[in-house]
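# Secondary and tertiary structure notes
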Amino acid sequence: MSDGLSVELAHYLSVSGIIFGIGIAVALSKRNAIAVLMGIELMLNAVNLAFIAFARLGGNFEAAGGDPLAGHVFVVFVLTVAAAEAAVALALAVLVYRRRETVDLDRITLMRW
Amino acid sequence: MLTLFLLLPLGGAAMLAVTPNERKEEARWIALVFSSLAFAVSAVIFVRFMLELNSDAGVEGYLFIDRFAWINARDAGFDVQYFLGVDGLSAPMVLLTGLLSLVAVLISWRIELRVREYFIWLLVLETAVAGVFMSLDLIQFFLFWELELLPMYMLISIWGSGRKEYSAMKFLLFTIAGSAFMLLAFLVLGLSADSFDIEVLTANPPAETIVPLSLLFWGVMAAFLVKLPVFPVHTWLPDAHTDAPTAVSVLLAGVLLKMGGYGILRIALPVLPGEARDFRYVLAAIAAVSVVYGAVLTLRQTDLKRLVAYSSVSHMGYVLLGVATMGAVGMSGAALQMFTHGTITGLLFIMVGLVYDRTHTREIPEMSGLMHRMPVIGAVMLIAGLASLGLPALSGFVAEVTIFLGAIAEHPAATIAAVFGVVLAAGYILWAVERVFMGPPSDRWAHLDDATGWWERLAMGGMVLSIVAVGIFPRILTDAVESGIAPIAAIVGAA
Amino acid sequence: MSDLNFDYALLIPEFILVGTAILIIMADLFRKELGLGRLVLPAIAALGTIAAGAASLAYIDDVDDFANVIAIDNYTTFFRVLFTVVLLVVVVSGYEYVERNIRHTGEFYALLLLSTVGAIYMAGARELLTAYISIELLSFSLYVAVSLAKTNPRSAEAGLKYVLLGGVASAMLLYGMSLIYGTAGSTQYSEIAAAFSGGTSEYGFALLLGLVLLIAGLGFKASAVPFHMWTPDAYEGAPLPITAYLSATSKAATFALLLRIFAGPLLPVIDQWQWMMATIAVMTMVGGNLIALQQTNIKRLLAYSSIGQVGYMLMAITTISDASASALLVHVAGYLITNLAVFSAVIAFHNRTGKEELDDFAGLAETNPYLAMVLTAGMFSLAGMPLLAGFVTKFILFQAAASGGYLWLATVAVIASTISLYYYLQVIRRMYLLEPARGESGRWRLSPAGYIATGTLTAGVFLVGIYAGPLFTVADRAARVLALS
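Residues numbered from 1 in each chain as written. Chains lettered and ligands numbered in written order. Predicted model: local features only at pLDDT ≥ 70, side-chain atom pairs only at ≥ 80, totals over all residues.

Regarding its fold elements, chain A presents three helices and zero strands. Moving toward the C terminus, one meets the helices and strands of chain A in the order α-α-α. Classification of the 113 residues of chain A by burial places 36% in the buried group. Restricting to contacts in chain A with at least 6 residues of sequence separation, those with at least 24 account for 54%. (Helix = DSSP H or I, 4+ residues; strand = E, 2+ residues; numbered from the N terminus. Buried ≥ 20, exposed ≤ 12 C-beta atoms within 10 Å, placed from the backbone. Contact = placed C-beta atoms within 7 Å.)

It is worth spelling out the overall build of chain B at this point. The secondary structure content of chain B amounts to 21 helices and two strands. Computed over the C-alpha atoms, the radius of gyration of chain B is 21 Å, within 12% of the 23 Å expected from 2.2 N^0.38 for a compact globule of 495 residues. For chain B, with 495 residues in total, the buried portion stands at 63%. For chain B, restricting intrachain contacts to residue pairs at least 6 apart in sequence, the fraction spanning at least 24 positions comes to 80%. (Rg over C-alpha atoms; globule rule 2.2 N^0.38 Å.)

With 45 residues of chain A at the interface, the matching set in chain C holds 34 residues. Mapped by element, the contributors of at least two residues to the side of chain A that touches chain C are helix 1 (7-29), helix 2 (33-57) and helix 3 (68-100) of chain A. Sort the elements by how many residues they give to the side of chain A that touches chain C and helix 3 of chain A lands first, with 16 residues. Residue composition of the side of chain A that touches chain C, grouped by class: 34 nonpolar, eight polar and three charged. (Nonpolar A, V, L, I, M, F, W, Y, C, P; charged D, E, K, R; others polar.)

Where two pairs of chains are in contact, the pair with the most contacts is made of chains A and C. The two units chain A and chain B are non-contacting; their minimal C-alpha-C-alpha distance is 29 Å.

Here we take up the interface of chain C and chain B. If you look at the interface, chain C gives 28 residues, while chain B gives 25 residues. Of the residues forming the side of chain C that touches chain B, the biggest block, nine residues, is contributed by helix 18 (residues 407-433) of chain C. Tallied by class, residues from the side of chain C that touches chain B come to 20 nonpolar, six polar and two charged.

Look at the link from Phe-231 of chain B to Pro-232 of chain B: it is a cis peptide, with omega at 5°. The topology assignment puts Pro-232 of chain B in the loop between helix 9 (213-227) and helix 10 (236-243). The omega angle of the peptide bond from Val-225 of chain C to Pro-226 of chain C is 5°, so this bond is cis rather than trans. Tracing the chain through its elements places Pro-226 of chain C in the loop between helix 9 (204-222) and helix 10 (230-237).

It is worth spelling out helix 7 (residues 154-184) of chain C at this point. Here helix 7 of chain C spans 44 Å end to end across 31 residues, near enough to the 45 Å set by a 1.5 Å rise per residue. The element helix 7 of chain C is largely enclosed, with a buried count of 30 among its 31 residues. (Expected span 1.5 Å × (residues − 1).)

Structurally, the position occupied by Arg-100 of chain C is in helix 4 (residues 74-101). Linking Arg-100 of chain C and Tyr-203 of chain C, residues 103 residues apart in sequence, is a C-alpha distance of 55 Å.

Looking now at the confidence of the model for chain B. Regions with low pLDDT should not have their predicted coordinates read in detail. Residues and elements named next belong to chain B. For chain B, mean pLDDT is 85; residues scoring 70 or higher make up 98% of the total. At the low end of the mean pLDDT range in chain B sits strand 1 (residues 63-73), at 77; at the high end sits helix 4 (residues 115-134), at 90. Our summary of model confidence lists the complex with pTM equal to 0.89 and ipTM equal to 0.89. (pLDDT = per-residue confidence, 0-100.)

What follows is about helix 13 (residues 298-318) of chain C. Owing to its 3.6 residues per turn, the α-helix brings residues three or four apart onto one side. For helix 13 of chain C, spanning 21 residues, the distance from its first C-alpha to its last is 30 Å, which sits close to the expected 30 Å at 1.5 Å a residue. Counting buried positions over the 21 residues of helix 13 of chain C gives 21, a clear majority of the element.

Residue and element names in this part refer to chain B. Within the secondary structure layout, Thr-415 lies in helix 19 (residues 412-437). Once the C-alpha coordinates of Thr-415 and Phe-339 are considered, the two residues, 76 residues apart in sequence, prove to be 20 Å apart. Beyond its immediate chain neighbours, meaning those up to four positions away, Thr-415 contacts Phe-404, Ala-407 and Ile-408.

Residue and element names in this part refer to chain B. Helix 14 (residues 304-324) packs onto helix 10 with a crossing angle of 145° between their chain directions and a minimal axis gap of 9 Å. Once helix 10 is placed against helix 14, the crossing between them reads as right-handed. Residues Leu-237, Pro-238, His-241 and Thr-242 of helix 10 form the contact with helix 14, whose participating residues are Lys-305, Arg-306, Ala-309, Tyr-310, Ser-312 and Val-313. Partitioning the contact of helix 10 with helix 14 into residue classes produces five nonpolar, three polar and two charged. (Axes fitted to C-alpha atoms, helices over the stretch in contact; angles between N-to-C directions. Left-handed = near helix turned anticlockwise from the far one by under 90°.)

Here we come to the environment of Leu-434 of chain C. Residues and elements named next belong to chain C. Within the secondary structure, Leu-434 sits in the loop between helix 18 and helix 19 (448-466). The exposure class of Leu-434 is partly exposed, given the 16 C-beta atoms found within 10 Å. Those residues in contact with Leu-434 that sit more than four places away from it in its chain are Ala-362 and Gly-363.

This paragraph deals with the packing of helix 7 (residues 164-193) of chain B against helix 18 of chain C. Closest axis-to-axis distance for the helix 7 of chain B/helix 18 of chain C pair is 10 Å, and the angle between their directions is 155°. On the basis of the axis angle, helix 7 of chain B is roughly antiparallel to helix 18 of chain C. Read as a crossing pair, helix 7 of chain B and helix 18 of chain C show a hand that is right-handed. Facing helix 7 of chain B, whose interface residues are Glu-165, Ile-176, Ala-177, Ala-180, Leu-183, Leu-184, Leu-187 and Val-188 of chain B, helix 18 of chain C presents Leu-407, Ala-410, Thr-411, Val-414, Ile-415, Thr-418, Leu-421 and Leu-433 of chain C. Taken together, the residues that form the contact of helix 7 of chain B with helix 18 of chain C break down as 13 nonpolar, two polar and one charged. (Parallel < 35°, antiparallel > 145°, perpendicular 65-115°, else oblique.)

If you want it as C-alpha cells, here you go:
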C-alpha cells in the first residue's frame, strides 16, 4: 500500500479483519442456531468497521473522485439489515424450536445434505 | 420440397398426438397415410434428381435448396441457417429413408401396445433421419442427429423385448458420448471458418484451428464411427438390434447406421481432407478388423436376429473400407453399399421379425424345415440372404465389387481380409437359412401360417423389388452416387 | 453529484408491485369482513404483476438512471419483463398449492411481489449499496417464504438453514464490497471501473481478498459449488411454488447482478478474477450434475440440476464478452422458461398426488400423458436436446465460451451436459416404462390453471428451441447496454 492508505487505516482494517475472522469461525463451527447468528452479527460489525475506516481515512478517495459519504451510508443500511436479519432468523429459530425442541443444527436432520 | 419431406412425418405425428388414444385402427391409418405421402415425396425428389442429372446441364452442387437464416446473430459470431439440399450422395439416402419408413409402418401393423405413441415416435424418427440426410449446416445436422436419440430410446425401451431398457440406454450412451465430441469439433470448425455452412466449409477447408486438425478429425469421426458402427465401438448394436421391435431394427439397420457413413462422406472427408488422407490406413485397418471380426462373431450366433445384427457390423466395415480408399471408385462403392445394405438388411430383419411372430423363438437350433410351412417367407429370406452375401444380379454384389475394385490398389491387405469376410458371409447366411428353413419339417411348427397379411406382402414386395432392380440396373443408383462422390473425391484427392 | 435525476416515473413498475403487495396484505387482513373468496388474492397478485410487466415495456430503449443508483435501460427492462413473467407463472400455477399448503397466503403473495422488486433492482443497480439492499430484499422475502409451508415439517428447518447460511454469505459479500469500496474509493460502478482501469497494482492483496469474498458471497446466492450446500435443503423444504421461484428468479437475479458487476466495474481487473470464476464454473458444472445422479426426490434432483445449469452460466461470466453476455441472457431466459415448465408440471402432479419422490412418477405416461409430455419436453430441454429451448441456449453459450478462447471450459460443459441427460432420463424412464402404482392407474386431469401454465410454458420451450431469433435479438439489445467490446 502506498502513501494513500495511512498507518491508522491499516490498524482499523486489522481489527476489522480479526473480528471478521472470529465471526466467520463462530458462524461456521457452532452448531447452535443462536450462536451462528451471533457469528454473523460479528461479521457484519467487522464490515461496518471497515466501511467507516475507509470512509474516514481512505486517503485516495478525493483523488479518485470518490465518495467518502457512501461508506457512512452503507453502515447505516447494514445496521438496519442486520436487525431485520436477526428478527427473521430468531423467528424461524422459535418456529423450529416449537416443533423439535432444539435449535442444534446438527440435530435438525430431517433432510440429508 | 425437401422441407415438405421433413415436415410430413412430423405433421403425422402431430395429428396422431391429438387422436384419441382408443382409436388404434385410425392411428395406424394416419401413420400409413403420412409415411406413404412422405415416401411419395422422397420418390419424387429422387426421380427429379435423376432427371436433372441426365439432362444436358447435369448437376452442379446441391438441388432443391431450401434456405433461410434460422438464428441470425452475426454480431455475436453465431449464425445458424436452415439449409436443406440434396446431391447425388444424399438423394438415394432420402429415397431409402422414405421407403424404409413406409415399410416400418407396414410391418408394425400388428403392434397393439400404445399404438398411438408408437407411431408418433416412429414418425418423429423419420423426420430426424431425413433431416440428417438433407441438412447442409453443421448445427442443423447436429440438431437432427441428436433428435433421433429420443424416439429410438423410447421405441426400444417400451416396445422392445428382452433386456430392452439396458439396450436402449446402451445405445443412447454410446451415441451421445460420440456426439459430444462431434459437437465440440463442430464448434471449433465453425469458429475457425466463421461459418457452419457445409458448402462453405467444403469449399474452403479450414487450414488451421485452435486445436490440432487431427484431433478435430477424430472428434467428428467419433460420432460417425460409433454410429456406423465399427470395432471396437460396435457393442451397442447387437443389443439394440436384438431387443428392438422389428420395425425399429429395420430402421436402425436401414437408415440410422447410414447416418454414420453419410456423415463421414459429407462432413469428415471434405471438410478435413488432409487429416482423412493421413489416417486412411488407420481407417482401413479398423474396417478390415470390423469386417472379419463381425463375420466371425456372426458365425457363432444362435439367435437369428443377433446373427443379422452382427452381420451388419461386418457389412458396415465394407463402407468404411470404401471410404478409406479416398478414391472416387471406393467411395462410390461405400455409398452404394449404404443403400444396398439398407434394403437388404432391412429385409432380413423383416423376415426375422415375421418368423419370430409365428414361432415365438429366435433360436436357430429350435427351428427346422420352416420352408414347408411358409414358402413365401422362406423364399424372400433366401433372396435377402443371397443378396447379403453378394450374389451377382442382386444389389449387394454391385456395391461390394465396386468397393473391392477401389480398395485393392490402395489397401491390398485390408481388401483381402474383407474378401475373406464375404466368404464367411456366405457361410453364415447359407448355414442359417439351411438350419431354419430346410431340413425335415417338425411337428412343432406344423400350425404356422405363411405371410398372409397385405401389409406384410406389400413390405416384402417393395424391398425385394428394390434389391433386384438395383442388382440388375445398378445405373439407377451409380450415376447419382458418382455425381455426388466426384466433388468429394476431388477435394480429398487434392489434399 | 448535485444534479441527480429523481424522476420517480422511472420506477413505476416497482411502485405497482409494492402497491399490490400492500393491497394484498390489507385485503388479507380484512378478508373475513369483506367476504373475499379464495381466488381474490392470487387474482390481485396476477393483475398487479401483469400491470407491472406491461408498464416495464414503456422503458424499451430508454437510457436513464434514477439518482445514479438504478439504471433504467434495456438490460433492466429485459429482467423486469422476465421477472414479472416468472412471478405471474408462479402465481398462476401455484395458487392451488398455496391454498392447500401455505399458512398465510396473503404474506405469501406479498413476499413474492416484494422479492421480485428486489430481483429487478439487482439487475438495475449501478451502485454497490443499492445492489446489496436489493439482494437482501430478495433474500429476506425468500427466507420467510421458504418456511411458510404448513404441512411440511422440513419447511421451517429449511428456512432456518437458509437464513443462517444466507447471513454468512451476505456478510462475506459485504466485506468484499467494503474492500472494493476501500480500494476504488466509490460505490458507483462507473467510478469503480474508472479507478481500476487506472491500474490496480497498488491495491494488491486487499483487492484480491475483496474479489474472493464477493465471488463467494454471490456464488452462494447463485448456489455455485462449493457454496451450494443450502440449495437442496431449501428446495426440498420450501413450498413447491417457492422452489420454482428460487430456481428461477433468485438465480436469474443473481446472474443479472453478476453480469453487471463483472462486465462493468470489475472488468479492468479481469485477470484477477477470471481464474476463480473458471474454477467455480468447472466445479459447479461437474459437481452439480454428478450429485444429481443419485437423487431420489424430484425437488432435490431439480436443485442439483439447477446447480449444473448455474455452472454453464458461470462459464459465460468467465469468458465475458459481448457474445457471451448476450448468450448468458438468452440462456437465462431459456432456462427460466424450461425450469418453470418442469416445476409447473411438478406442482400440478403434487396437487393431485401430494407426492414428490421420483418413484411416484412411475407410469405417469399412462395416468396423465399430457403431464408426462410436458415433463419430458422440459427435462430434455434442460439436458439440451434439439428442437427444445435448452439446445439452442446452451449451444449459444458453449459457442460463446469456445470463441472466447475457452474451448476447454466448453469441453467440460459439453461433458457435464452429457452426464445430465442420464438423470433426466431416469425420470422419463419412470414415467414411460414403469407401471403406475397399484390403485392409481386411473386417468386424471389438471386444473385449468395448470393447463394454461404448463401449456404456455411448453409452447415457449418449443418456440425458443425452434425459432430463437427474436429472443436472441432482444437479449442482444439488452446486453449491448453493458458496452463490452
